[in-house]
Amino acid sequence: MSAQRVTSPIAIVQVVLREIRVAHTLFALPFAYAGALFAARGLPTAYDFAWITLAVLGARTAAMATNRYADRDIDARNPRTARRALANGTLAPGVMLGVAIAGIVLLVVSAAALNPLCLKLLPLAALGIFAYPFCKRFTWAVHFVLGAVDGFAPLGAYIAVSGRVSWPALLLFFAVTIWVAGFDIIYALMDRDVDVAQNLRSIPAQFGAASGRSLPILLHVLMAAALGLAGVLAAVGPAYYAGVVFALVLAAYEYRLFDSSENVFVLNERVFTANMLFSVAFLGTTLAGFMWHA
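Predicted, not measured: the structure shown is a model, and the values here were computed from it. (Residues numbered from 1 in each chain as written. Predicted model: local features only at pLDDT ≥ 70, side-chain atom pairs only at ≥ 80, totals over all residues. Heavy atoms only, no water.)

Asks: Provide a residue-level description of the overall build of the protein chain, including the pertinent values.
Replies: From N to C terminus, the protein chain includes 13 helices and zero strands. When the helices and strands of the protein chain are listed from N to C terminus, the series reads α-α-α-α-α-α-α-α-α-α-α-α-α. Taken along its principal axes, the extent of the C-alpha atoms in the protein chain is 60 × 45 × 30 Å. For the protein chain, the proportion of its 294 residues judged to be buried stands at 53%. Summed over all atoms, the accessible surface of the protein chain reaches about 13,300 Å², with 69% contributed by carbon and sulfur. The averaged location of the 14 negative side-chain charges in the protein chain is 4 Å from the averaged location of its 20 positive side-chain charges. (Helix = DSSP H or I, 4+ residues; strand = E, 2+ residues; numbered from the N terminus. Buried < 20%, exposed > 50% of the residue type's maximum accessible area, 1.4 Å probe, protein only. Areas by Shrake-Rupley, 256 points an atom, 1.4 Å probe, with all protein chains shown as cover. Lys, Arg positive; Asp, Glu negative; His and termini not counted. Charge placed at Lys NZ, Arg CZ, Asp CG, Glu CD.)

Structure follows, in structure tokens:
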């Protein structure tokens, strides 16, 4: 049964903010700021900081809104997601499409304000934002597409500050890509049976639930290695490597959760919290690494 559609502007804004989960921007922002720290070898300017923040907010808003819009029919057939606003009719699809366009506009304006190279490379990020929601219909590599979309946050921030691309920046991009892919694979465990029934692609749906419990650990160990190498190439101070250790602790914690958590919903809640805390902690150790080294 469809829910009553909201029509008042205040209610629409409240529903949109809930649906796009603005608070979850905490996943991307710390690594974007870390990319800026790498480029500036310390604190970036307030100007760069502000526009990087707006760019990440715009990109994530566009990505989430596009995903909600594209998946509204799929979500309606999934008991876990059937209560989402577009799936149950609470929100008109056109509203979410408008939000996606607004997010892209904010991203374009921010890229233009930051650096000409950011603007030139913007179509790559936009392609990922709009392609990701449809990938699950064709390929189990969807997790890595999502990871790459988030990986553009540190890479774009690095380019915004430095105006160039470097190996440490590419390693940050790679690290975030496989980090996000890892916990998105865990997330997909919740929908494995529904995905199989709807002929949707994910690693757990394609290769079995066991793959969704083993591959993320490997990816997060590789993430730690990539972060460590980025620090070496950028000659970051010793405090930075505490963040690399935190990445290994995250992988160990997730391994322990897989052994002790039978309920995939509880497992995902704990994984989500642990990964968000890790991203914030990594930003702190990166800042300390550059300030200490200076």
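Asks: Kindly report on the pattern of salt bridges, identifying the contributing residues and their values.
Replies: Taken as a whole and judged by the stated rule, the model has seven salt bridges. Through salt bridges that share partners, Arg18, Glu19 and Arg68 make up one connected network. (Salt bridge = Lys/Arg side-chain N within 4 Å of Asp/Glu carboxyl O.)

Asks: How would you explain the packing of aromatic side chains if you had to name every residue and give the values?
Replies: Following the criterion strictly, the structure yields 14 aromatic pairs and no others. Taking 5.2 Å as the distance between ring centres and 80 degrees as the angle between the ring planes, the aromatic pair formed by Trp179 and Phe183 counts as edge-to-face. Here the residue Trp179 and the residue Phe183 both occupy positions in helix 8 (residues 167–188), the gap between them amounting to four residues, near one helical turn. A single burial state applies to Trp179 and to Phe183, both of which are buried. Connected via pairs of aromatic rings, a cluster forms that spans Phe31, Phe38, Trp179, Phe183, Tyr240, Tyr241, Phe278, Phe282 and Phe290. Sitting above the plane of the Tyr69 ring, Arg72 keeps its charged end 4.3 Å from the centroid. (Phe/Tyr/Trp six-rings, centres within 6.5 Å; stacked < 30°, edge-to-face > 60°. Lys NZ or Arg CZ within 6 Å of the ring centre and 35° of its normal.)

Asks: Can you tell me about helix 8, naming the residues and giving the values?
Replies: With 22 residues, helix 8 ought to run about 32 Å at 1.5 Å a step, and its terminal C-alpha atoms sit 31 Å apart, in line with that. Counting buried residues in helix 8 gives 17 out of 22 residues, a clear majority hidden from the surface. (Expected span 1.5 Å × (residues − 1).)

Asks: Report on the nonpolar core, specifying residues and quantitative values.
Replies: Counting 74 residues, the largest nonpolar core has Phe38, Ile52, Trp179, Met223, Leu227, Tyr240 and Phe278 as its most contacted members. Examining the composition of this core, we find that 12 residues originate from one element, helix 8, more than from any other. Every residue in contact with Phe38, bar those within four places of it in the chain, is listed here: Tyr158, Pro168, Leu172, Ala230, Gly231, Ala234, Val236, Tyr240, Thr286 and Phe290. The next biggest cluster of nonpolar side chains, apart from the first, holds 12 residues, and it includes Val15, Met64, Ala85 and Met96. (Core = buried A, V, L, I, M, F, W, Y, C linked by side-chain atoms within 4.5 Å. Contact = heavy atoms within 4.5 Å.)

Asks: Report on unusual backbone geometry, specifying residues and quantitative values.
Replies: A negative phi holds for most residues other than glycine; trans holds for most peptide bonds. Positive phi, close to 55 degrees, is recorded for Arg41, a residue that is not glycine. Looking at where Arg41 falls in the secondary structure, it is placed in the loop between helix 2 (29–40) and helix 3 (46–70). With a relative accessible area of 39%, Arg41 lands in the partly exposed category. Its identity is not glycine, yet Ala235 carries a phi of approximately 55 degrees, on the positive side. Residue position: Ala235 is located in the loop between helix 11 (209–233) and helix 12 (241–260). Among the residues examined, Ala235 registers a relative accessible area of 39% and is labelled partly exposed.

Asks: Please provide a residue-by-residue account of the packing of helix 1 (residues 9–20) against helix 5 (residues 93–114), values included.
Replies: Running from amino to carboxyl end, helix 1 crosses helix 5 at an angle of 65 degrees, the nearest separation of the two axes being 11 Å. One element, helix 1, and the other, helix 5, form an angle in the roughly perpendicular class. The handedness of the crossing between helix 1 and helix 5 comes out as right-handed. Contact residues: Ile12, Val16, Glu19 and Ile20 in helix 1; Val95, Met96 and Val99 in helix 5. Broken down by class, the residue content of the contact of helix 1 with helix 5 amounts to six nonpolar, no polar and one charged. (Axes fitted to C-alpha atoms, helices over the stretch in contact; angles between N-to-C directions. Parallel < 35°, antiparallel > 145°, perpendicular 65-115°, else oblique. Left-handed = near helix turned anticlockwise from the far one by under 90°. Nonpolar A, V, L, I, M, F, W, Y, C, P; charged D, E, K, R; others polar.)

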